Structure formats: C-alpha cells, structure tokens
Amino acid sequence: MKFLKFNEIDSTNNYMKENISSFENYDIVSAKVQTSGRGRRGNTWLSPEGMALFSFLLKPEKEFSIIEATKLPLLAGISTLSALKKIKDGAYSFKWTNDVFLSGKKLCGILIERVKDDFVIGIGINVANKIPDDIKNIAISMESDYDIDKLILKVVEEFSIYYKRFSEGKWKEIVEEINSYNFLKDKKIRVNIGDKVFEGIARNIVEDGRIKIEMDGEIKLFSVGEIKIEKDYYL
Ligand code: BTN
C-alpha cells in the first residue's frame, strides 16, 4: 500500500484522479494543507494545517451499479466514525449521507468521486485545527494533537473491514449500525426539493441508502440527489 504525503497540494482528490493509473486499491494521498480543497456540491473545502486531509482509492473487483455506488458514502462515513471512536470515544453521529458529526456539529466531510469503475474517497477531519468563529455553530474540531498519519491509516483500515463485510452480503447489518448513529433521526428538518422548501421529520436510512422523511403524516423516501437538507435547521 502506497501512502504519499504532501506538505501542500491543490487537492488530494485532484491528485489521485489525475494520477489514477499509478495507484492501487487502498493507496493513500495526504496533505498538510490544500490550496483548492473541494467539498460536495462544488463547495470550497477550507483546508488549513491540523486537519486530516486525505484521499484513498477503492478499486472494486467488479463494476458497481449506481445503487451500490450510493452506499459508498455511508460505508465511508461509518468507517470514519468507527476509526474515530476507537481512537477516542465521544458523542459521534452520522449525518446522512456524507458527514460525521461530534456533539451535534460537523467534524468530518467526505467527497467520493468516480473515475470509470474506481472511486476516489476524499476525507477531511477537523483534528487539531481551530474552527473559524463564523461557523462555530455548525462545525467542530477535536482540537487534539493526534498523530494524523495514524488516524488516516486507521480510517482506511476500518473502511477495508466494512467493505469486506459489505462484499460478503452483510449490508443489512451495517445499515442497522449506521441507523444507531443516525443524527437526523426524529429531527424536524427543512429540505429543498427542486426549487420548493418542505418541512418533515427524518426517520431511518433504508437499505438502498435512501432516507425516510415523514411529511404531512406520510413517509417518503429520498436519495441524496433529490433533496438538500438545510444546514442550520435541525430541531
Ligand atoms: C464536504 O463535506 O463537502 C466534503 C469535504 C471533503 C474534503 C476532503 S479533504 C481531502 C479531499 N480532497 C478534497 O479536495 N476534498 C476531500
């Protein structure tokens, strides 16, 4: 397994995508600082020193269907949560579909990008960095001097364990575990569907990776591409 470490780079996801043919399954690229870190939905990901900033490659043995691919963020999320928990126990939760929360605030973000049949799994965890004042209400850092390389290796190791279970048909068990950390469960949320805003109550994540949302007494299922959950509105 290769573990390439940069002091500064534009984005570890970009680097891995641009050099994909030189990487094998579970090879890792990390950086102390990213100058053009990318988040989901085209957002910028601020990447100061002290964060764990890394990408690793998943090369599935066979081509993934779209449904299987939508399960990957959930697998990456539960793997990261489990690695963090093993390093230091805490009030972690999983916010569908891609975030790990600590004490109700975002601790980690995950950006997964497909390159033909392979997946670049990019993760950013607030480890030792300070959170800027303007986002302190929604983000949190562990503010701890953990060995970041060890943490990265632990996350990738946990992912490989969960992925093996997933490949062996244990997905149902994994979803149950994910639901036991489901941050949104039973919270009142506000979602954007197309250009309309709806209110509802989030319920469990189901096996195909969608989430149940109760709206006007009716349970509806949504996939990540269909809705956007408003950031500051969990009651
Ligand atoms: C999000 O929550 O929007 C996802 C953030 C993902 C950030 C990580 S940091 C390492 C990797 N490289 C990037 O440019 N992005 C991901």
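Residues numbered from 1 in each chain as written. Predicted model: local features only at pLDDT ≥ 70, side-chain atom pairs only at ≥ 80, totals over all residues. Heavy atoms only, no water.

Engineer: Explain the nonpolar core here, please?
Structural biologist: Side chains of a nonpolar character, in soluble globular proteins, are inclined to be buried together. One finds F54, F56, L75, L107, I123, I125 and F159 to be the most contacted residues of the largest nonpolar core, which totals 56 residues. Considering each element in turn, this core owes the most residues, 9 residues, to helix 2 (residues 66-87). Sequence-distant contacts of F159, that is, excluding residues within four places in its chain, are made with Y26, F56, L58, L72, L75, A76, S79 and I121. M16, I20, F23 and L57 belong to the second-largest nonpolar core, a separate cluster that totals 6 residues. (Core = buried A, V, L, I, M, F, W, Y, C linked by side-chain atoms within 4.5 Å. Buried < 20%, exposed > 50% of the residue type's maximum accessible area, 1.4 Å probe, protein only. Helix = DSSP H or I, 4+ residues; strand = E, 2+ residues; numbered from the N terminus. Contact = heavy atoms within 4.5 Å.)

Engineer: Quick question: what am I supposed to make of the side chain of T12 here?
Structural biologist: Summarising the element assignment, T12 is placed in helix 1 (residues 12-18). For T12, the side chain forms a polar contact with the side chain of S55, separated by 2.7 Å. With residues near it in sequence (within four places) discarded, T12 still touches V29, S30, A31, Q34, L53, F54 and S55. (Polar contact = N/O pair within 3.5 Å; in protein donor to acceptor, adjacent residues only side chain to side chain.)

Engineer: Even after reading the chapter, I still don't get the packing of aromatic side chains, so can you show me in this structure?
Structural biologist: Aromatic ring pairs are defined here through the distance separating the ring centres and the angle between the ring planes. One pass over the full model with this rule turns up 12 aromatic pairs. Between the aromatic rings of Y15 and F23, the centroid separation amounts to 6.3 Å while the plane-to-plane angle is 70 degrees, which identifies the pairing as edge-to-face. A relative accessible area of 24% means that Y15 is categorised as partly exposed. Taken together, a centroid distance of 5.2 Å and an interplanar angle of 65 degrees make the contact between F56 and F159 edge-to-face. Placement of F56 in strand 3 (residues 51-58) and of F159 in helix 3 (residues 148-167) is noted, with a sequence separation of 103 residues between them. The burial state of F56 is the same as that of F159; both residues are buried. Taken together, the aromatic side chains of Y26, F56, F64, F119, F159, Y163, F166 and W171 make up a single cluster linked through ring pairs. The ring of F3 is capped by K5, whose NZ or CZ atom sits 4.7 Å from the centre of that ring. (Phe/Tyr/Trp six-rings, centres within 6.5 Å; stacked < 30°, edge-to-face > 60°. Lys NZ or Arg CZ within 6 Å of the ring centre and 35° of its normal.)

Engineer: Whenever I open this one, the packing of helix 3 against helix 4 (residues 171-180) confuses me. Can you help?
Structural biologist: Look at helix 3 against helix 4: their axes get within 8 Å of each other, and the N-to-C directions meet at 130 degrees. Compared by their axis directions, helix 3 and helix 4 come out oblique. Between helix 3 and helix 4, the residues in contact are Y162, R165 and F166 and W171, E173, I174 and E177, respectively. Here the contact of helix 3 with helix 4 is built from residues that sort into 4 nonpolar, no polar and 3 charged. (Axes fitted to C-alpha atoms, helices over the stretch in contact; angles between N-to-C directions. Parallel < 35°, antiparallel > 145°, perpendicular 65-115°, else oblique. Nonpolar A, V, L, I, M, F, W, Y, C, P; charged D, E, K, R; others polar.)

Engineer: Looking at this structure, I do not really get the packing of helix 2 against helix 3. What am I missing?
Structural biologist: How two helices sit against one another is set out by the angle between their axes and by the gap between those axes. Orientation of helix 2 relative to helix 3, taken along the N-to-C sense of each, is 130 degrees, at an axis distance of 8 Å. Between helix 2 and helix 3, the angle is such that the two are oblique. At the point where helix 2 passes helix 3, the crossing takes the right-handed sense. Each residue belonging to the contact of helix 2 with helix 3 can be placed in one class, and the counts come to 13 nonpolar, 3 polar and 5 charged. (Left-handed = near helix turned anticlockwise from the far one by under 90°.)

Engineer: What should I look at first to understand the environment of E230 in this one?
Structural biologist: Relative to the helices and strands, E230 resides in strand 12 (residues 228-234). Separated by 38 residues in sequence, E230 and N192 place their C-alpha atoms 7.4 Å apart. Filtering out sequence-adjacent residues up to four positions away, E230 remains in contact with R190, N192 and V197.

Engineer: Would you mind going over the site of the ligand with me for this structure?
Structural biologist: Around the ligand, the structure places 20 residues, and the nearest of them are S11, Q34, R38, R40 and K106. S11 has a polar side-chain atom sitting 2.8 Å from an oxygen atom of the ligand. At 3.2 Å from a nitrogen atom of the ligand is found a side-chain nitrogen or oxygen belonging to T12. The element that contributes the greatest number of residues to the shell around the ligand is strand 6 (residues 105-115), accounting for 4 residues. Looking at the shell around the ligand residue by residue, the classes come out as 6 nonpolar, 10 polar and 4 charged. (Near = heavy atom within 4 Å.)

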